[in-house]
Amino acid sequence: GVECVIFNEEYMTCIWGSRETLTANYSLYYWYENRSPVVECKHYLQDQGISVGCHFNQSEIIQFQPFHVLVNASLGSRTLEIPSKRMELQNLVKPEAPVNLTIRNMSSNQLQLTWTSPYPKAQCLEHAVKYKSNKDTSWTEQRVKGDTFSFPSVDYEKYYTFYVRSKINSYCGSTQLWSEWSVPVVWGSNSTSKGSVDDQVHWFWIHTVLIPIASCLLLLVLVILMVRMERVWVILMPRIPNPSKKFDELFITHNGNFQEWAGVPKDVVESFKLNYSENICYVSELLPKDSYEPLWESSNHPSSVMPGALAIPLEHSPYKNSCVG
C-alpha cells in the first residue's frame with residue numbers, strides 16, 4: 001500500500017516501497033474527492049533509478065478533503081494497478097520536534113520546563129515530556145497540553161535529563177503520529193546542585209564560542225593595523241637606519257665632489273684657491289775637511305761617516321744656499 005505523511009504542514013511524501021522490494025516501474029496518480037481531476041505525481045522520489053515515492057509541495061496539499069492515490073506498476077507488457085484506501089490528510093500531519101527547551105528554578109524544590117514548537121498552529125498540539133535522573137533505571141513520560149511542564153520534586157543530589165515531543169490533538173485531527181524527540185536538556189549536578197541549565201548554556205557559549213571568536217577578531221584587527229598603518233609598524237618594529245644610501249648621490253652623481261654635492265657656491269670655492277707663488281730655495285751644507293772628527297776609527301776598515309754627522313754643533317756649521325725662482 002501507499003503511506004502518506006504531512007511534515008509540519010510544509011510538504012507531504014507518499015511512499016510505496018524501497019529499492020530492495022521493488023523491481024518494476026511505478027507511476028502515481030492522485031485526486032481529491034469531488035474536487036479535482038486525476039493528476040500524475042510531479043516529483044518522484046527515486047532509489048537507484050526506481051521510483052519509490054512522491055513528493056508534494058505545500059500548494060498541492062488540501063486538508064479536510066478526502067484524498068485518493070493510484071499506483072501503476074509496469075513490468076514489461078504487464079501493468080498492475082495498486083489502489084489505496086481513502087485518506088484524510090488532517091490525520092496524517094507529523095509536527096516538527098520542539099526546540100528551545102529551558103529549565104527555571106521556581107522554588108527551592110520545583111522546576112519549570114518550557115519550550116517552543118516550529119509547528120505553525122500551536123493550539124493544535126499536545127505534548128509529552130520524558131525525563132529521568134542519573135540514578136533512575138527507566139524513563140517517566142507524562143502528557144502535557146500546554147507548552148509548560150512543572151517538576152515539583154527535585155533532589156539536588158541528582159541531575160535530570162528531559163525530552164519533549166508533540167502531536168496533533170483531537171481538536172485538529174485524529175492521529176498517532178508523534179514528532180521526533182527534542183534535543184535533551186539537563187539540570188543539576190553533584191557539584192552545582194542548584195545551578196540551572198540556562199547558566200550552564202550561558203557559560204558554555206562564553207567559553208567555547210564567544211572567547212575564541214573575540215580572540216580571532218582581535219588578532220585580525222591587529223594584523224590589519226600592522227599592515228595598513230606604517231606608523232604602528234615602525235613603533236612596534238623600528239627599522240635600523242642604513243646611512244649608505246644617503247651618499248649615493250655624492251659618489252654617483254657628483255663623482256665625489258663634496259663642494260658640489262653640499263651646494264657650496266662657486267665664488268666661495270674660488271676664494272679658497274691660491275693666487276700667489278713663491279720661489280723655491282735649496283739649502284746645502286759646506287764643511288771643511290778637518291772640521292770634524294770621525295765617530296770611530298779603525299786601522300783595518302775604512303771610516304764610515306753618516307752624512308751630516310758633525311763633531312761640532314750644527315749652529316756653527318757653515319751653509320750655502322741658493323734660490324731658484
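Just so you know, these numbers come straight off a predicted model, no measurement behind them.

1. Digging into the confidence of the model for the protein chain
In step 1: Chain-level pLDDT for the protein chain is 77 on average; 63% of the residues reach the 70-or-more range.
In step 2: pLDDT under 50 marks residues 190-197. Its contacts with residues more than four places away, or in other chains, come to 16 contacts.
In step 3: Predicted confidence is poor over residues 295-317, with pLDDT under 50, and the contacts of this stretch with residues over four places away or in other chains come to 13 contacts.

2. Looking at a nonpolar patch on the surface
In step 1: Together, Ile 213, Leu 217, Leu 220 and Ile 224 make up a nonpolar patch on the protein surface, roughly 380 Å² of accessible area in all.
In step 2: Take Leu 217: it is sitting in helix α1 (residues 197-228).
In step 3: The exposure class of Leu 217 is exposed, given its relative accessible area of 52%.

3. Topic: the packing of aromatic side chains
In step 1: In the structure shown here, the tally under the stated rule is 15 aromatic pairs.
In step 2: Seen in terms of ring centroids, Phe 149 and Phe 151 are 6.5 Å apart; in terms of plane orientation they differ by 40°. Their pairing is tilted.
In step 3: By relative accessible area, which is 4% here, Phe 149 ends up buried.
In step 4: The interplanar angle of 75° and the centroid separation of 6.4 Å between the aromatic rings of Tyr 163 and Trp 181 together place this pair among those described as edge-to-face.

4. Some thoughts on the pattern of salt bridges
In step 1: The final tally for this structure, using the stated rule, is 7 salt bridges.
In step 2: Between Lys 94 and Glu 180 there is a salt bridge; the shortest N-O distance is 2.8 Å. Of the two residues, Lys 94 is situated in strand β10 (residues 93-94) and Glu 180 in the loop between β16 (160-168) and β17 (185-187); the sequence distance between them amounts to 86 residues.
In step 3: Within the structure, one salt-bridge network assembled from shared partners comprises Glu 33, Arg 86 and Glu 88.

5. So, the state of the cysteines
In step 1: In the structure shown here, the tally under the stated rule is 3 disulfides.
In step 2: Two residues, Cys 4 and Cys 14, share a disulfide whose sulfurs are 2.0 Å apart. An S-S torsion of about 115° defines the bridge between Cys 4 and Cys 14 as right-handed. Taken as a pair, Cys 4 in strand β1 (residues 3-7) and Cys 14 in strand β2 (residues 11-15) lie far apart in primary sequence, 10 residues in all.
In step 3: Given the relative accessible area of 6%, Cys 4 is considered buried.
In step 4: According to the relative accessible area criterion, Cys 14 is buried, its value standing at 0%.

6. Focus on the side chain of Thr 175
In step 1: You can see Thr 175 is positioned in the loop between β16 and β17.
In step 2: Side-chain polar atoms of Thr 175 contact the backbone oxygen of Asn 91, separated by 3.1 Å.
In step 3: Polar contacts involving the side chain of Thr 175 include one to the main-chain amide nitrogen of Leu 177, which spans 3.0 Å.
In step 4: The contacts of Thr 175, once residues within four sequence positions are left out, are Asn 91, Val 93, Lys 167 and Ile 168.

7. Concerning the pairing of strand β15 (residues 148-151)
In step 1: Of the two faces of β15, only the one carrying Phe 149 and Phe 151 is buried; Thr 148 and Ser 150 on the other face are not.
In step 2: Taken together, the 4 bridges between strand β12 (residues 110-116) and β15 define a ladder with antiparallel strand orientation. Bridge pairing links Leu 113 to Phe 149 in β15.

Each value, and the rule that gives it
Residues numbered from 1 in each chain as written. Predicted model: local features only at pLDDT ≥ 70, side-chain atom pairs only at ≥ 80, totals over all residues. Heavy atoms only, no water. pLDDT = per-residue confidence, 0-100. Contact = heavy atoms within 4.5 Å. Patch = residues over 30% accessible without salt bridge, like charges linked within 9 Å, V, L, I, M, F, W, Y side chains within 5 Å. Areas by Shrake-Rupley, 256 points an atom, 1.4 Å probe, with all protein chains shown as cover. Salt bridge = Lys/Arg side-chain N within 4 Å of Asp/Glu carboxyl O. Helix = DSSP H or I, 4+ residues; strand = E, 2+ residues; numbered from the N terminus. Buried < 20%, exposed > 50% of the residue type's maximum accessible area, 1.4 Å probe, protein only. Phe/Tyr/Trp six-rings, centres within 6.5 Å; stacked < 30°, edge-to-face > 60°. Disulfide = S-S within 2.5 Å. Polar contact = N/O pair within 3.5 Å; in protein donor to acceptor, adjacent residues only side chain to side chain. Pairing = 2+ DSSP bridges.

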